[in-house]
Amino acid sequence: MPEPVRCRACRSDRGEIVLDLGEQPPWDRMPLRDAPLPDPVAPLRMWLCRRCGLAQLADDVPVAEELHGVEPLAFAAQSDRSVARLADAGLVRPGGRVAEFGSPHGESWLPRLTGRGMTALDPADPGAGPADLVVDVYGLLHEPDQRTALRRRAALLAPGGTLALQLLSLGTVLREGQWYDLRHGHHAYWSLPALDAALRGHGIGLHRAWWYPLSGGTLLVTARAGAEPDAGARRLLRAEDGLGVRTAAGLGRLQAAADGTGALHAWLVAERAAGRTVAAYGAASRAVPLVCRAGIRSDLLAAVGDAAPAKQGRRMPGTDVPVVAPAELARLQPDRVVLFMPELADEVRAELPGIEAAGGRWVVLDPAPRLLGRVAAERSAGRSPGAHGGLRLPS
Ligand SMILES: [Zn+2]
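The model shown is predicted, which means the values in this text are computed figures rather than measured ones.

Asker: Quick rundown of the coordination of the zinc ion? Include the residues and the values.
Answerer: For a metal bound by four donors in a tetrahedral arrangement, the ideal donor-metal-donor angle is 109.5 degrees, while six donors in an octahedral arrangement ideally sit at 90 or 180 degrees. Taken together, the protein donors to the zinc ion comprise Cys7 (SG), Cys10 (SG), Cys49 (SG) and Cys52 (SG), at separations of 2.2 to 2.3 Å. Every donor residue of the zinc ion comes from the same chain, spaced as C-x2-C-x38-C-x2-C. Comparing Cys49 with Cys52 shows no difference in burial state: the two are buried.

Structure below.
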């Protein structure tokens, strides 16, 4: 009999499993290439709290240090945009005090903020005093206890202070069918409406919200005492509620998407039958459940290229597909390279011109595999291949 689930934010035990990915290996540790299979696995399930609407991990599985990948330029550029937006909103002031709750995903914003004259406080230091600006960059989702985490962030605020959060909202995950964003160690999947209600429970109101195309839809939101959502935030709240982010019926579409990984497997089988070699690029954490759920082994996917030295010489968790350096990937002369992180398309194609020069083609998951046009054709059509489709998230 499994333990009853209790909400990480409101402590209610009323809710239901809305996405069940079965047993999944840890995604944060890439085993050495020769490490014997099978890898240990643990249940990976999303539970929706009926009371507060927070979608969350049902199970607590120990997750070790996450692998720090190479920060894609796209994420650094988003950090620049977000900090500039906060500055435009008058929230980044010389002499102001800032505390950051960071994450293993991407770099700290502190150099950008102290570079604009702010003073950094350590949120872990009990004597640090209040902050005019508390920033959370993908930090919240790593907190097993969401009630305590929100309380800490709210309690750090000076009178009139602002909390700024950057997150991949559940609205994006649902709209884009990104079921593979569910993973061990990522405890909370906030939708904007659920976050708004939870923040109010901690005495701060959602104020502004900006949408960015990164990862299919990244939100930067601000909240402070006494605030009400402005017109832009209200629009995003309505849009997410319209998707059904707080209903089991709405989130059930993620299960349907997860059950559709057969399309990738079928495509790989067809490519092999046609005599083509398929590899992939981006040994991202989000690629792990995809590869595992689709039952992909090295006879279908020759290798996954990744620029992070920490991942090279290893294999994808749960399967024998090796992770190799980009140069090694190019040497394989694959006929097809599936981009597990399409936002890297421009960077990777520029870095590895040899793939296309040798007749290979890049492929994105949209969610079905789709060949990208050759670089010149995409450019002349004025499209960015990374702007749509498939698998997009940090690390
Ligand atoms: Zn709840």
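Asker: So what about the domain arrangement of the chain? Which residues, and what values?
Answerer: Structurally, the chain comprises domain 1 (15-64), domain 2 (73-255) and domain 3 (261-387). On a C-alpha basis, the centroid separation for the pair domain 1 and domain 2 is 23 Å. Listed by partner, the interface residues are 23 residues for domain 1 and 22 residues for domain 2. Buried area between domain 1 and domain 2, both sides added, is near 1900 Å², and the carbon and sulfur share of it is 72%. Considering only the side of domain 1, the residues that lose the most area to domain 2 are Trp27, Leu54 and Leu57, jointly responsible for 28% of the buried surface there. Here domain 1 is connected to domain 2 by zero salt bridges. At the boundary of domain 1 with domain 2, the tally comes to five residue pairs in polar contact (both at pLDDT 80 or more).

Asker: Provide a residue-level description of the UniProt feature "domain: C-methyltransferase" (unreviewed entry) in the chain, including the pertinent values.
Answerer: UniProt's feature table lists "domain: C-methyltransferase" (unreviewed entry) at residues 214-364, given in the numbering used throughout. Summarising residues 214-364: 40% helix, 17% strand, and an end-to-end C-alpha distance of 16 Å.

Asker: Before we move on, could you go through helix 7 (residues 248-258) and cite the residues and values that matter?
Answerer: Residues that lie three or four places apart on an α-helix share one face, since the helix turns once every 3.6 residues. Within helix 7, burial applies to Gly250, Leu251, Leu254, Gln255 and Ala258. Summarising the contacts, the buried residues of helix 7 are in contact with strand 1 (15-24), strand 2 (42-49), strand 3 (55-57), helix 4 (170-175), helix 6 (231-243) and helix 9 (287-293).

Asker: I'd love a proper account of unusual backbone geometry, names of residues and values included.
Answerer: Cis rather than trans, the peptide bond between Leu37 and Pro38 has omega equal to 0°. If you trace the backbone, Pro38 turns up in the loop between strand 1 and strand 2. Here the phi dihedral of Arg11 falls at roughly 70°; this positive angle occurs in a residue that is not glycine. Mapped onto the elements of the fold, Arg11 is located in the segment before strand 1.

Asker: So what about the sheet that holds strand 8 (residues 188-189)? Which residues, and what values?
Answerer: Taken in spatial order, the four strands line up as 1-2-3-8 in an open sheet, and their pairing is antiparallel. Looking at the sheet topology across the chains shown, the edges are occupied by strand 1 and strand 8. In this structure, strand 3 lies alongside strand 8, joined through two bridges in antiparallel fashion. Among the inter-strand pairings, Ala55 is bridged to a residue of strand 8, identified as Tyr189.

Asker: So, the sheet that holds strand 16 (residues 361-365): which residues are in play, and what are the values?
Answerer: Read across the open sheet, the seven strands follow the order 13-14-12-11-15-16-17; overall the sheet is mixed. With one partner strand each, in any of the chains shown, strand 13 (314-315) and strand 17 (369-371) form the two edges of the open sheet. Inspection of the sheet shows strand 12 (residues 304-305) paired to strand 14 (residues 322-324) by two bridges, in the parallel sense. Directly across from Val304, in strand 14, lies its bridge partner Val323.

Asker: Lay out the packing of helix 5 (residues 192-201) against helix 6 in plain terms, naming residues and giving numbers.
Answerer: Interaxial distance between helix 5 and helix 6 falls to 8 Å at its minimum, and their mutual angle equals 120°. With respect to their mutual orientation, helix 5 and helix 6 come out oblique. Contacts between helix 5 and helix 6 involve Leu192, Pro193 and Asp196 from the former and Ala233, Leu236, Leu237, Glu240 and Asp241 from the latter. Per-class residue counts for the contact of helix 5 with helix 6 are five nonpolar, no polar and three charged.

Each value, and the rule that gives it
Residues numbered from 1 in each chain as written. Predicted model: local features only at pLDDT ≥ 70, side-chain atom pairs only at ≥ 80, totals over all residues. Heavy atoms only, no water. Donors = N, O, S within 2.8 Å, 3.2 Å for Na, K, Ca; no water. Buried < 20%, exposed > 50% of the residue type's maximum accessible area, 1.4 Å probe, protein only. Domains from an automatic or database assignment. Contact = heavy atoms within 4.5 Å. Buried area = accessible area lost by both parts, 1.4 Å probe. Salt bridge = Lys/Arg side-chain N within 4 Å of Asp/Glu carboxyl O. Polar contact = N/O pair within 3.5 Å; in protein donor to acceptor, adjacent residues only side chain to side chain. UniProt positions renumbered as here; feature names shortened; annotations may be inferred. Helix = DSSP H or I, 4+ residues; strand = E, 2+ residues; numbered from the N terminus. Pairing = 2+ DSSP bridges. Axes fitted to C-alpha atoms, helices over the stretch in contact; angles between N-to-C directions. Parallel < 35°, antiparallel > 145°, perpendicular 65-115°, else oblique. Nonpolar A, V, L, I, M, F, W, Y, C, P; charged D, E, K, R; others polar.

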